[in-house]
Amino acid sequence: MNRKMLTKLAISGFALTMATGFTGMGSMAAPSNADAAPAAKSADKARAALEAGKVSKAVGFAEAAVSGAPRDAGYRALLGQAYLNDGRFDSAATALTEAMDLGATDSNTVIALTLARVAQGRRQDAIALLSQHRDTVPAADLGLALALAGDGEASIYVLTEAARAEGANARTRQNLALAYALSGRWAQARILASQDLSLAKVETRMAEWSKLAEQPGASFQVASLIGTKPQADAGMPVRLALANFPGAQMAAAEAPVQLASADPAPVENFAPPPPVAEAPVVAVAANAIRTVELPMPERTPDGVVPVTDLPQPKPAGEVILADAAPYRAAPRIEGEGRIRPALKQAIAMANDMLPKAIAFNAQKPNGWAVQLGAYDSLGIAKEKWGTLKKRNTMLGNYPASSHAANVKGRTFYRLTVNGLATRADATALCKQLKAQGQQCFIRAMGGGESIQWAAKSTPLRLASR
């Protein structure tokens, strides 16, 4: 990355550094001594050119480094970053993918490949890559990358948790603000941005983000973010393709296979054919052979042999038709409407699997609750409840509420599932939610909470047929 781009991204973007030459390859992949020194010098020149903003020269030097040490993961990662800075996103994706195949799984390479795939329009591939390396990439970078890949909900969740963590810095909060902006929540983006910037800088930042969001396509959006322009890209040179440089294990010659001789073998070398079993000879007495004369067919005077009359089938007996009485439905059980006994039993079993819900009084909240999260505003808490109910239908069987809580001088809005009579019920529900990937913990409602929003439960309903 060039210095201008690094400075820009350090303020609001990714914490990327220059590729330093990944050295995770085994001895079989190391370049020869004759090629190692020129390749290292070319790599140093490529890094210096990127620092100076001379992207085209950086591409040439990085290609020379890869040519000298084709199986060095760090040099391929450096080449991919040079292509990315030059707006050659297809070449960048190829070089960075090959670098990861060689073992370069550092956060810089992952983020650079994510940006290249987003620019190519491969958003789902970018999200899959981030998910695979979520433990390697810092949360601030992971969240912003998810926002650029189009997964706004996951981006805001990751960045919100990172911003609440102890020691969170301004860049994390600014990335969260940018994620809100890219998802269309400009009011929340402005509020977050103003926590670390002056009013004048906030307006400048909003204008930059607005320009970024209005880019006509993914490639222009990524190019705008890293400070370049998309280029016509014919792809990485074929001579540099990793497939042209197999590893030592792959290139090892296989043991020679002995082929059959083309000269025919002598006949006497072949085994004799297996004996053929002779058919048993049956002695037949001479007087046992008799001649049987068949009758000759009779012909008409015209010489035509008449066709023998075939036996005709007997006429079928009387056909008995089934009774055409109309279909009669099973009688309904009085007092149960359209619910049949089997359906009633299924509903009972489904309700028994969930902890019992009790009445919830928002004026005097009591009982036990399962907290699903804490958010910066009441509107976010409401929106999150709707999303969680769609994702997990069992939540609809319980009332929900939100109330404000002050933590270290900041106001958060807790989202809780209420109506649980005992601690055991709350623990059982939280355990079921965690099994489905939802974070939660239990708490007792003391009655003094000021409920600012509440939602009624929608009990479990099954189709009647």
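None of the values given here were measured: they were computed from a predicted structure.

**Student:** What should I look at first to understand the pattern of salt bridges in this one?
**Tutor:** Side chains that carry opposite charge are capable of pairing whenever their charged atoms lie near each other. Applying the stated criterion across every chain, the model contains twelve salt bridges. The closest approach of N and O atoms between Arg173 and Asp196, which form a salt bridge, is 2.8 Å. Here Arg173, found in helix 10 (residues 170-182), pairs with Asp196, found in the loop between helix 11 (186-193) and helix 12 (199-213); they are 23 residues apart in sequence, far enough to count as distant. Across the pair Arg190 and Glu203 runs a salt bridge whose closest N-O atoms are separated by 2.7 Å. With Arg190 in helix 11 and Glu203 in helix 12, this residue pair connects regions lying 13 residues apart in the sequence. Counted as one network, the salt bridges with shared partners bring together Glu153, Arg185 and Glu383.

**Student:** Where do I start with empty space enclosed by the protein in this structure?
**Tutor:** Rolled over the atoms, a probe sized like a water molecule indicates the empty space that remains. One pass over the structure, following the stated rule, counts one cavity of 30 Å³ or more. Each pocket or cavity is described by its volume, and for the largest cavity that value is around 50 Å³. As for the largest cavity, its lining consists of Thr160, Ala163, Arg164, Arg173, Leu176, Leu192, Gln195, Asp376 and Arg410. Broken down by element, the lining of the largest cavity gets its largest block of residues, three residues, from helix 9 (residues 152-164). Here the lining of the largest cavity is built from residues that sort into three nonpolar, two polar and four charged.

**Student:** Would you take a moment to explain the packing of helix 11 against helix 12 for this structure?
**Tutor:** Packed helices, taken two at a time, are described by the angle their axes make and the gap between the axes. Across the interface, helix 11 lies against helix 12 with an axial gap of 10 Å and an inter-helix angle of 140°. Comparing their axes, helix 12 and helix 11 come out oblique. In this structure, the crossing between helix 11 and helix 12 has a hand that is right-handed. Here Trp186, Ala189, Arg190 and Ala193 of helix 11 lie close against helix 12, whose contacting residues are Val202, Glu203, Met206, Trp209, Ser210 and Ala213. Classifying every residue of the contact of helix 11 with helix 12 by side-chain character gives seven nonpolar, one polar and two charged.

**Student:** Help me understand the sheet that holds strand 4 (residues 441-444) in this model?
**Tutor:** The pairing of strands in a sheet happens through backbone hydrogen bonds and is either parallel or antiparallel. The antiparallel open sheet is built from five strands, whose spatial order is 4-1-3-2-5. The sheet is open, and its two edges are formed by strand 4 and strand 5 (451-455), each paired on a single side. Across the sheet, the mean angle from the axis of one strand to that of its neighbour is 40°, orientation sign disregarded. Sheet analysis places strand 2 (residues 400-407) next to strand 5, joined by four bridges and oriented antiparallel. Of the residues in strand 5, the one forming a bridge with His403 is Ile451. Along the sheet face, helix 16 (residues 378-391) touches strand 1 (368-375), strand 2, strand 3 (410-420) and strand 5 and points at about 35° away from the line of strand 3. Lying on the sheet, helix 17 (residues 423-435) is in contact with strand 1, strand 3 and strand 4; it crosses strand 1 at an angle near 45°.

Analysis parameters
Residues numbered from 1 in each chain as written. Predicted model: local features only at pLDDT ≥ 70, side-chain atom pairs only at ≥ 80, totals over all residues. Heavy atoms only, no water. Salt bridge = Lys/Arg side-chain N within 4 Å of Asp/Glu carboxyl O. Helix = DSSP H or I, 4+ residues; strand = E, 2+ residues; numbered from the N terminus. 1 Å grid on protein atoms, 1.4 Å probe; cavity = no way out; pocket = protein on both sides within 12 Å on 5 of 7 lines; lining within 4 Å. Points joined across faces, edges and corners; volume = space filled by probe spheres on them. Nonpolar A, V, L, I, M, F, W, Y, C, P; charged D, E, K, R; others polar. Axes fitted to C-alpha atoms, helices over the stretch in contact; angles between N-to-C directions. Parallel < 35°, antiparallel > 145°, perpendicular 65-115°, else oblique. Left-handed = near helix turned anticlockwise from the far one by under 90°. Contact = heavy atoms within 4.5 Å. Pairing = 2+ DSSP bridges.

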